[in-house]
Every structure is written in structure tokens, then in C-alpha cells.
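# Chain and residue survey
One letter stands for each residue in the lines below.
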Amino acid sequence: EGSEYRILDEIINHQNKIVGLIIEFHDVDINLEKIENFIKKFKLTLTHIHPNNSGGVNYYKIPLILEMTFEKFPTFNELDV
């Protein structure tokens, strides 16, 4: 519930051992740069993202909680592309 930012570097350091990751980011509005940097460094494909409705949004309509799914070997069907 906010501590995910403490382990992002460890996830990056061990990403070759990871085939899938589901992570929930809190306080997105004040940690957006950390999230963007993580996505850029993480080699898995971001396959799903959605706001958690319980978190609400800030003044600028930015969701305060985001849930993201990353996959090493994503598969897509014709309808997804």
C-alpha cells in the first residue's frame, strides 16, 4: 500500500527471473516519474493497465491507484491488435 516503490530496483535487478508481474501502484499522482522509469527499464511487456476504483482521482483526473500486468511472453489474438 505504497511500499512497492521500495522494491522497484530489486524487480529490475532480477527481471530475468520473472515471467509475469502484477503490481498495484499507489499515490500515482506524486510517483508518476518513478512509475514511468520503472516501465522503461522493465523488459516485460505491459499487457494490462487499469485504475483501481477505490483510489479515486486527483484534481487533474489522474487515478491515484493503478494496477498493471506485465508478461514476458504475451500472446495476443486478432481482436486485441
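As shown above, the structure is provided for reference.
Below, the structure is looked at part by part. (Residues numbered from 1 in each chain as written. Predicted model: local features only at pLDDT ≥ 70, side-chain atom pairs only at ≥ 80, totals over all residues. Heavy atoms only, no water.)

## Things to note about the packing of aromatic side chains
- As enumerated under the stated definition, the model contains 6 aromatic pairs in all.
- Geometrically, the ring pair formed by F38 and F70 is edge-to-face, given 5.8 Å between the ring centres and 90° between the ring planes. One end of the pair, F38, is in helix α2 (residues 28-41); the other, F70, is in strand β3 (residues 65-71), with 32 residues separating them in the sequence.
- We classify F38 as buried; its relative accessible area is 2%.
- In this structure an aromatic cluster arises from ring pairing among Y5, F25, F38, F42 and F70.
- Directly above the aromatic system of Y5 lies the positively charged group of K34, at a separation of 5.6 Å from the ring centroid. (Phe/Tyr/Trp six-rings, centres within 6.5 Å; stacked < 30°, edge-to-face > 60°. Helix = DSSP H or I, 4+ residues; strand = E, 2+ residues; numbered from the N terminus. Buried < 20%, exposed > 50% of the residue type's maximum accessible area, 1.4 Å probe, protein only. Lys NZ or Arg CZ within 6 Å of the ring centre and 35° of its normal.)

## Considering α2
- Taking the largest bend as the criterion, α2 deviates by roughly 35°, centred on K34.
- Those residues of α2 lying buried are V28, N31, I35 and F38.
- Residues of α2 that are buried sit in contact with α1 (8-13), β1 (20-26) and β3. (Bend = angle between axes of the 7 residues up to and from the residue. Contact = heavy atoms within 4.5 Å.)

## Notes on the sheet that holds β3
- Read across the open sheet, the 3 strands follow the order β1-β3-β2; overall the sheet is antiparallel. At either margin of the open sheet sits one strand with a lone partner, and together these are β1 and β2 (45-51). With strand direction ignored, the average angle separating the axes of adjacent strands in the sheet is 20°.
- With 7 bridges connecting them, β1 and β3 associate as antiparallel partners. Residue pairing for β3: I23 is matched across the bridge by M68. (Pairing = 2+ DSSP bridges. Axes fitted to C-alpha atoms, helices over the stretch in contact; angles between N-to-C directions.)

## Things to note about the nonpolar core
- Counting 16 residues, the largest nonpolar core has I11, L21, I23, F25, F38, F42 and F70 as its most contacted members.
- Contributions of two or more residues to this core are made by α1, β1, α2 and β3.
- In contact with I23, other than residues within four places in its own chain, are E4, L8, I11, L66, E67, M68 and F70. (Core = buried A, V, L, I, M, F, W, Y, C linked by side-chain atoms within 4.5 Å.)

## A few points about the environment of E4
- As for its position among the elements, E4 is in the segment before α1.
- For E4 and I23, which are 19 residues apart along the polypeptide, the C-alpha to C-alpha distance reads 8.0 Å.
- Here E4 is in contact with I23, E24, F25 and H26, once residues within four sequence places are set aside.
- One polar contact links the side chain of E4 to the main-chain amide nitrogen of G2, over a distance of 2.8 Å. (Polar contact = N/O pair within 3.5 Å; in protein donor to acceptor, adjacent residues only side chain to side chain.)

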